[in-house]
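Structural description and commentary
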Amino acid sequence: MTPHPFTVIHAPNSHIRLIIAFALAAVAAITATAQSERKIFLPGQRAVIFDERLSALRARPHVKAPLKQRMRRGRRVGVLGASTAKDGAKFFRVAVSRNTGGWVLADAVIRPGVAADAERLMRLIEETKDEFTKARLARLCADEFRATNFAPMALMILGETAEGAAERLSRDARRRVGEDDLDAGPNAGLTKRDFLLNYAGLDRYNRIGVTFDYDATSDRIVYDGAAYGELLRRYPRSAEAQTASERLERLKSH
């Protein structure tokens with residue numbers, strides 16, 4: 001019997017719901033990606049916040065002026081002008097969005113292409129003790145000063161820092177996940193690698209492009225060597241290239 005053209009044909013409800021759920025999830029993921037990749041135009045000279053200790057956006061060029069917001073490391077801003085306070089502190093007038101701007105201490109900002117700013121950033125990287133902060137600053141330096149000798153130096157520091165962090169992250173992951181879960185993993189269709197590489201402590205490193213792997217021989221989390229590989233691709237003639245090659249080979253041999 002041929003159905004009437006306006007007759008609704010009912011398929012299994014569970015099947016339809018599953019298809020709709022997958023479709024909505026896919027649309028949401030695509031929309032979120034597009035929004036995250038959309039670049040916001042900022043007037044002025046391009047600059048980046050790198051020192052969160054000094055990154056207060058203020059209404060006027062003075063450290064006691066009303067606070068408008070605290071800007072995070074890596075925030076892109078546009079430098080529109082400069083002013084020096086009576087006490088000698090230098091401020092930049094910056095745009096942080098199309099509708100928001102203010103004043104920030106000049107020492108909180110780096111400007112790509114300015115050699116003095118690259119040197120300041122490298123000094124801060126070398127002085128920083130916290131592993132994650134050091135890795136994040138090194139990534140920032142490598143991205144913003146690609147045409148300078150500081151970029152391969154920053155990538156080397158990034159790789160070394162990530163290797164050191166892998167040791168601590170491996171210990172933390174075992175303690176947080178628990179040996180019982182690790183031992184039960186294979187019986188549940190999961191492996192130690194699945195558990196350890198999903199440890200929440202890796203998340204913030206993943207967000208800045210630092211990723212890890214699992215070495216079954218040593219039974220631990222290890223750095224995947226991406227910074228060394230990037231260094232060799234971009235700066236094969238740099239002073240750091242030989243060391244990067246040796247470290248990458250060592251990581252691959254595990």
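Turning our eyes to something else, we now look at the layout of surface pockets. In this structure, the second largest pocket encloses a volume near 240 Å³. The wall of the second largest pocket is formed by Arg-46, Arg-73, Gly-74, Arg-76, Arg-136, Arg-139, Leu-140, Asp-143, Glu-144 and Ile-208. Counting residues per element, the lining of the second largest pocket draws most heavily on helix α3 (residues 131-144), at 5 residues. Looking at the lining of the second largest pocket residue by residue, the class counts come to 2 nonpolar, 1 polar and 7 charged.

We now examine the pairing of strand β4 (residues 76-84). The two faces of a sheet get side chains in turn, since along a regular strand they alternate between them. Bridge analysis of strand β1 (residues 45-49) against β4 gives 4 bridges, and the strand direction is antiparallel. Counted as the bridge partner of Gln-45 is Val-79 from β4. Inspection of the sheet shows β4 paired to strand β5 (residues 90-95) by 6 bridges, in the antiparallel sense. Pairing of Gly-81 across the sheet is with Arg-93, part of β5. Hairpin remark: β4 followed by β5, antiparallel, with 5 residues in the connecting loop; positive phi at Gly-88, about 95 degrees.

This part takes up the environment of Val-79. Secondary-structure assignment places Val-79 in strand β4. The buried category is assigned to Val-79, whose relative accessible area is 10%. Along the sequence, Val-79 and Val-48 sit 31 residues apart, while their C-alpha atoms lie 9.5 Å from each other. Excluding residues that lie within four positions of it along the chain, Val-79 makes contacts with Pro-43, Gly-44, Gln-45, Ala-47, Phe-92, Arg-93 and Val-94.

The rules behind these values
Residues numbered from 1 in each chain as written. Predicted model: local features only at pLDDT ≥ 70, side-chain atom pairs only at ≥ 80, totals over all residues. Heavy atoms only, no water. 1 Å grid on protein atoms, 1.4 Å probe; cavity = no way out; pocket = protein on both sides within 12 Å on 5 of 7 lines; lining within 4 Å. Points joined across faces, edges and corners; volume = space filled by probe spheres on them. Helix = DSSP H or I, 4+ residues; strand = E, 2+ residues; numbered from the N terminus. Nonpolar A, V, L, I, M, F, W, Y, C, P; charged D, E, K, R; others polar. Pairing = 2+ DSSP bridges. Buried < 20%, exposed > 50% of the residue type's maximum accessible area, 1.4 Å probe, protein only. Contact = heavy atoms within 4.5 Å.

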